[in-house]
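Residues per chain are reported as follows:
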Amino acid sequence: MKTRVIRVLDDLPKLQEPAEALRQGQLVVFPTETVYGLGVHALRTEAIAQVYQVKGRPSDNPLIVHIADWCQLQELTPPLSPLARFLMERFWPGPATFVLPKLEQVPLAVSGGLNTVGIRMPAHPVARALIRRAGVPVAAPSANRSGRPSPTCLQDCLEDLEGRVPYIIDGGPCSVGVESTVIALTGGAPRILRPGQIGVQELEAALQEYSATEEKRWKGQIEEAYRKQLEEGETPEAPGMKYRHYAPQAEVRVVDCGLHPEREASWAEAVHSLGVPFGYVGCQEGAACLQKLGLNPQWSFVYGHLAEVEQATRFLFASLRALDRLGCPVVLTHALPEKTALAVAYNNRLFKAVGGGSLPEEG
Ligand code: TXA
Ligand code: MG
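Report follows, based on the coordinates. (Residues numbered from 1 in each chain as written. Chains lettered and ligands numbered in written order. Predicted model: local features only at pLDDT ≥ 70, side-chain atom pairs only at ≥ 80, totals over all residues. Heavy atoms only, no water.)

Here's the deal with the sheet that holds strand β14 (residues 299-302)
Right, on to step 1. Strands sit in the order β12-β15-β13-β14 across an open sheet of 4 strands; the sheet is parallel. Because the sheet does not close on itself, it has two edges, and the strands there are β12 (251-255) and β14. Each strand of the sheet is rotated relative to its neighbour by a mean of 15°, with strand direction disregarded.
Right, on to step 2. Strand direction decides the pairing type here: strand β13 (residues 279-282) and β14, joined by 4 bridges, are parallel. (Pairing = 2+ DSSP bridges. Helix = DSSP H or I, 4+ residues; strand = E, 2+ residues; numbered from the N terminus. Axes fitted to C-alpha atoms, helices over the stretch in contact; angles between N-to-C directions.)

Now the structure itself:
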């Protein structure tokens, strides 16, 4: 299959053809502010099967359904509770996915057999224009092949899906760089199933705005379900979280420097037994430390200062992918101080990439 790349920066009329293809049940890769998605008509079972096939993804892992207009909710979920509506209005359009009860017409192929559906209204203007033109809800997992990090630029989409999909829409690099926060609203306090840019603090602030009673009721109760240690054979509430997100060819070492990448001893220890060319992904402070120790990475991806978490997150997946392309055998990196939701999300993805060796492959 020949893949057509359509470059759309502000010439939205170019979206007419891929929008029509989506409506007909074909696959279209499109940009969102988090990562690129592999889109398909969400209400057509036979079309959805192609997504699992093209990605090589296990079919128990549900897809997020993307919408562009509020009225599309009616096609997916029963009337919303006032709280659910309030939270959506607060965080949409944006990097938040809400898990809600699903209507029968949403195929089980989309929900991975569950009776709930994850829904998101992305903020990216190209994503919204595409969905609006298609006129149907669009199911879209991240546009990577199983086991690889999510793509955040055209090159990464091409690397995984060229020749496998009819259309890739290039909307430039993604601004967030990690996937949306997945929040379950299926009873009791909201539960965070996957961390992202919107975290516990943002949710608590929203509850406080909503009503003092709700805030009191759930104060300290928003569960970070993704942190739960699972028993043998137990499945997490977001099935995708049980899978390895990414295991690069390279060995990845997360340097144990905690909040202090300038702590030279940690770096010295980490590179002590290296003996091979290595790559570095991290902040300037860490890079300076390596230099002081006379340790020179052959490949280096420095995002900025330690505190520039948005930059770090935007480039994490892209730099891991680039190091793989360069044939880098060992990557040195460090975790971020968890002062914001985005830093929590960054560390979550990093540790999944590194420590995921024992997890089965994901999409
Ligand atoms: O930012 C994003 O969310 C991107 C862009 C393209 O929107 N999409 C994305 O999709 O990351 P995907 O399929 O790679 O990850 C979806 C995650 C998985 O962990 C899945 O298990 C969870 O969301 N999920 C989806 N529907 C769910 C449901 N009904 N119940 C529980 N978890 C759900
Ligand atoms: Mg994914």
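That shown, we press on.
Describing the site of ligand 1
Right, on to step 1. Around ligand 1, the structure places 30 residues, and the nearest of them are Thr34, His66, Ser180, Arg194 and Gly240.
Right, on to step 2. Here an oxygen atom of ligand 1 and a side-chain polar atom of Arg120 are 3.2 Å apart.
Right, on to step 3. Separating an oxygen atom of ligand 1 from a side-chain N or O atom of Ser180 is a distance of 2.6 Å.
Right, on to step 4. A total of 690 Å² of accessible area belongs to ligand 1 in isolation, and the protein chains cover 99% of it.
Right, on to step 5. When residues of the shell around ligand 1 are traced back to their parent elements, those giving at least two are β4 (64-66), β6 (116-120) and β10 (191-194).
Right, on to step 6. With 4 residues, β6 is the single largest residue contributor to the shell around ligand 1.
Right, on to step 7. Of the residues contributing to the shell around ligand 1, the split by class is 15 nonpolar, 10 polar and 5 charged. (Near = heavy atom within 4 Å. Polar contact = N/O pair within 3.5 Å; in protein donor to acceptor, adjacent residues only side chain to side chain. Areas by Shrake-Rupley, 256 points an atom, 1.4 Å probe, with all protein chains shown as cover. Nonpolar A, V, L, I, M, F, W, Y, C, P; charged D, E, K, R; others polar.)

A word on unusual backbone geometry
Right, on to step 1. At the junction of Trp92 and Pro93, the peptide bond is cis and its omega measures out at -10° in the coordinates.
Right, on to step 2. Residue placement: Pro93 occurs in the loop between α3 (82-91) and β5 (96-101).

Quick word on the pairing of β13
In the case of a regular strand, side chains alternate between the two sheet surfaces.
Right, on to step 1. Residues Gly279 and Val281 of β13 are buried on one face, and the alternating residues Tyr280 and Gly282, pointing to the opposite face, are buried as well.
Right, on to step 2. Where β13 and strand β15 (residues 330-334) come together, 3 bridges link them in parallel fashion. Note on β15: the bridge partner recorded for Gly279 is Val331. (Buried < 20%, exposed > 50% of the residue type's maximum accessible area, 1.4 Å probe, protein only.)

Quick notes on the packing of aromatic side chains
The description of an aromatic ring pair uses the distance of the two centres, along with the angle that the planes make with each other.
Right, on to step 1. Counted by the stated rule, this structure contains 3 aromatic pairs.
Right, on to step 2. Summarising the aromatic geometry, the rings of Trp70 and Trp92 are spaced 5.6 Å apart at their centres and angled 45° between planes, so their arrangement reads as tilted. Linking Trp70 in the loop between β4 and α3 with Trp92 in the loop between α3 and β5, this pair joins segments that are 22 residues apart in sequence.
Right, on to step 3. With relative accessibility at 5%, the residue Trp92 sits in the buried group.
Right, on to step 4. Ring centres 5.0 Å apart and planes at 50° place the aromatic pair Phe86 and Tyr210 in the tilted group. Placement of the pair is Phe86 in helix α3 and Tyr210 in helix α7 (residues 200-210), with a sequence separation of 124 residues.
Right, on to step 5. Site record: aromatic cluster; members linked through ring pairs are Trp70, Trp92 and Phe98.
Right, on to step 6. In this arrangement the basic side chain of Arg90 is found over the ring face of Phe91, its NZ or CZ atom lying 5.5 Å from the centre. (Phe/Tyr/Trp six-rings, centres within 6.5 Å; stacked < 30°, edge-to-face > 60°. Lys NZ or Arg CZ within 6 Å of the ring centre and 35° of its normal.)

So, helix α6 (residues 154-161)
Right, on to step 1. Within α6 the residues assigned to the buried category are Leu154, Asp156, Cys157, Asp160 and Leu161. Projection of α6 onto a plane perpendicular to its axis shows the buried side chains occupying an angular sector of 165°, all on one side.
Right, on to step 2. Among the structural elements, β1 (4-7), β2 (28-30), β3 (37-41), α2 (45-55), β8 (167-170) and α11 (309-325) are those in contact with the buried residues of α6.
Right, on to step 3. One or two steps after α6, the chain reaches Gly163, where phi turns positive at roughly 85°. (Arc of directions from axis to C-beta. Contact = heavy atoms within 4.5 Å.)

Digging into the side chain of Thr97
Right, on to step 1. Looking at the secondary structure, you find Thr97 in strand β5.
Right, on to step 2. A distance of 2.8 Å separates polar atoms of two side chains, one belonging to Thr97 and the other to Ser180.
Right, on to step 3. Apart from the residues within four sequence positions on either side, Thr97 is in contact with Ile64, Gly118, Ile119, Arg120, Ser180, Thr181, Val182 and Ile183.

Describing the packing of α6 against α11
Right, on to step 1. Packing of α6 against α11 brings their axes to within 11 Å, and their N-to-C directions diverge by 55°. Here α6 is positioned oblique relative to α11, judged by the angle of their axes. Once α6 is placed against α11, the crossing between them reads as left-handed. Counted together, Gln155, Asp156, Glu159 and Asp160 of α6 and Ala318, Arg321 and Arg325 of α11 form the full contact between these two elements.
Right, on to step 2. Considered class by class, the residues forming the contact of α6 with α11 number 1 nonpolar, 1 polar and 5 charged. (Parallel < 35°, antiparallel > 145°, perpendicular 65-115°, else oblique. Left-handed = near helix turned anticlockwise from the far one by under 90°.)

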